[in-house]
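In case you want the letters, here they are:
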Amino acid sequence: MYYSGKRRGEDGIAAVIDFLLSNARLVLGVSGAALLGIATLAVKRLIERAGRPPDEKPDKKMTDSWEELNLVSASPKLLRKGIEGVVMKQIAAATKKAELSQPIPLPTPEPQRRRRMDLCAMTFAERLQQYYRTRVCLSAEEVCVAQQRALDIATEIQAFLHSKHLDTPLGDMMLAGSLLDDLQVVKADHACLIVPLQLESSLWTPIAGEDTFVGHPQYCMVRRENLEFFPRGQSYWDRHLLGVYLSSRLVSEQLGKAVMESMNWPSLSGTLECDVRPVLGSPELKLEIQGLSQCGYDDGERFYITILPTVRLGEMTLMAQREITGSFDYVWYQSLYTSETARLATLDKEDSEVRRKCLKTLKAVCRNCPALRKLNGSHLGNVILHMSEKDTDWSESAFVDRFLQAITELIGYLETGILPSYFKPNVNLFQGFTADDIDEMGFMLYCAVTEPEILLI
Ligand SMILES: *[C@@H]1O[C@H](CO)[C@@H](O)[C@H](O)[C@H]1NC(C)=O
């Protein structure tokens, strides 16, 4: 039966519930509980919007579920209970039907719905390929110009350090990160420069964070050893000790003073013919470069370079990344980026680089979509690595399928609030996300399950 929709918002609610229930069947791959959680999140959003006049007329008849829910008088709590009941019932029914290997009925008249889905699938595959070519990938020239710019600046900084701080045992600065590894997307607008600290391996040991009171498996401390035979002062780096630990804050601060506060940036800008200046007020060592127009950039476009003091001890790469480690002055961040990128490249070598293509496309989608902006290369790369554990097809023809699979996998991880790091499963990459962040991402991705085009806007 059809309600007249006198009350504000009802029509919109009906349309969304219909939409939810049809999605429920399409994402049965995600566990029932996960699905239910995301569905109720969606309802929460919907309630928030219910005060506003509906901006669309429902194009379908309301389902029986509509009546069951008795939305007219429902409080948000009751509504949630109601939808849980309905969704549960639908899932149970759909699962039962699936077990009997019968086709799962869709809420709208079937042929009509099917046709629409086929059409979407076709155009979506094409649109995704087009998105990849035109929105995701950078031109070789753009990458080259940006890399050269970063290297020019590295050369200048290094020459300056050599002339003023010859005693500081630093290795050669190196370009690192997505710009180097062909993983940067949309715009070549950032780069990392690694500054290797040369530590005497006999005097320093890394202590994993989970073995200390810090308790974080991706944090690490660097302990000074052999103080009885090689007393304090024997190593250059002893001046940066806090207790018996090398302080990432003190190292960063010294480098900040030596480079950021001391180099003649206006003169360097003159030499390089672009405006280079340190970013003030960031805990990280960051440079902003502007006006690379003659190199192919538009005026006003900015390019950022982060300088990362880095310690290599054994297999570990530790970075002074104070934006991440915050107030822990003696803590270093163990970067898994290199291992993750290398593993993806190795796996990709066996087929046709579809993992990279998928990762870059997902990165671009998340960068371009405000609701998903918090998902970065590290989250998405780890999702692809987890997906690669299963025996799946990663050939070029599977690109669209893998892309869509990544979306449902992400929904599953968001629902539990946990995305385990591939190389350190006790690290939760979603740590630090608020419940609202998770709601927002979950809702967006959930909607994308039936309308993936919304991701390519
Ligand atoms: C991704 O974001 C997390 C914070 O959510 C941050 O710790 C991490 O360094 C970021 N990774 C990359 C590759 O930007």
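Use the structure listed above.
Nothing here was measured: the structure is a model prediction, and the numbers come from that model.

Describing the environment of Thr341
Checked against the element boundaries, Thr341 lands in helix α10 (residues 337–350). Non-local contacts of Thr341, meaning those with residues more than four positions away in its chain, are made with Asp181 and Leu183.

Topic: the packing of helix α11 (residues 354–368) against helix α12 (residues 377–389)
Where α11 contacts α12, the two axes come as close as 9 Å, and the packing angle between them is 145°. The interaxial crossing formed by α11 with α12 has right-handed handedness. When α11 is examined against α12, the residues Arg355, Cys358, Leu359, Leu362, Lys363 and Cys366 are found in contact with a partner set consisting of Gly377, Leu380, Gly381, Ile384 and Ser388. Here the residues of the contact of α11 with α12 sort into six nonpolar, three polar and two charged.

Regarding the nonpolar core
Across soluble globular proteins, nonpolar side chains show a tendency to be buried alongside one another. With 50 residues, the main nonpolar core has Ile157, Trp204, Leu246, Val276, Leu287, Ile307 and Trp332 as its most contacted residues. Breaking this core down by element, the ones donating at least two residues are α6 (140–164), β2 (190–197), β4 (219–224), α7 (248–260), α8 (265–272), β8 (285–290), β9 (302–313) and β10 (316–319). A total of eight residues in this core trace back to one element, the largest contributor, which is α6. Those residues in contact with Ile307 that sit more than four places away from it in its chain are Ile157, Met173, Leu193, Val195, Leu255, Met260, Leu285 and Leu287.

Looking at helix α14 (residues 435–450)
Counted at 1.5 Å a residue, the expected span for α14 with its 16 residues is 22 Å, and the 24 Å between its end C-alpha atoms agrees. In terms of burial, α14 is a largely internal element, twelve of the 16 residues being buried. Within the sequence span of α14, burial applies to Asp437, Ile438, Asp439, Met441, Gly442, Phe443, Met444, Leu445, Tyr446, Cys447, Ala448 and Thr450.

Comments concerning empty space enclosed by the protein
All told, the structure shown has six cavities of 30 Å³ or more when counted by the stated rule. The space that makes up the second largest cavity amounts to roughly 50 Å³. What lines the second largest cavity is Leu183, Thr341, Leu344, Ala345, Asp348, Arg356 and Leu359. If you list the elements that add at least two residues to the lining of the second largest cavity, you get α10 and α11. Broken down by element, the lining of the second largest cavity gets its largest block of residues, four residues, from α10. Grouping the amino acids of the lining of the second largest cavity by side-chain chemistry returns four nonpolar, one polar and two charged.

Some points on the site of the ligand
Ile324, Asn376, Ser378, His379 and Phe433 make up every residue found near the ligand. Contact between the ligand and Asn376: an oxygen atom at 2.3 Å from a side-chain N or O atom of the residue. For the ligand, whose unbound accessible area comes to 370 Å², protein coverage reaches 54%. Across the shell around the ligand, the residue classes break down as two nonpolar, three polar and no charged.

Conventions adopted
- Residues numbered from 1 in each chain as written.
- Predicted model: local features only at pLDDT ≥ 70, side-chain atom pairs only at ≥ 80, totals over all residues.
- Heavy atoms only, no water.
- Helix = DSSP H or I, 4+ residues; strand = E, 2+ residues; numbered from the N terminus.
- Contact = heavy atoms within 4.5 Å.
- Axes fitted to C-alpha atoms, helices over the stretch in contact; angles between N-to-C directions.
- Left-handed = near helix turned anticlockwise from the far one by under 90°.
- Nonpolar A, V, L, I, M, F, W, Y, C, P; charged D, E, K, R; others polar.
- Core = buried A, V, L, I, M, F, W, Y, C linked by side-chain atoms within 4.5 Å.
- Buried < 20%, exposed > 50% of the residue type's maximum accessible area, 1.4 Å probe, protein only.
- Expected span 1.5 Å × (residues − 1).
- 1 Å grid on protein atoms, 1.4 Å probe; cavity = no way out; pocket = protein on both sides within 12 Å on 5 of 7 lines; lining within 4 Å.
- Points joined across faces, edges and corners; volume = space filled by probe spheres on them.
- Near = heavy atom within 4 Å.
- Polar contact = N/O pair within 3.5 Å; in protein donor to acceptor, adjacent residues only side chain to side chain.
- Areas by Shrake-Rupley, 256 points an atom, 1.4 Å probe, with all protein chains shown as cover.

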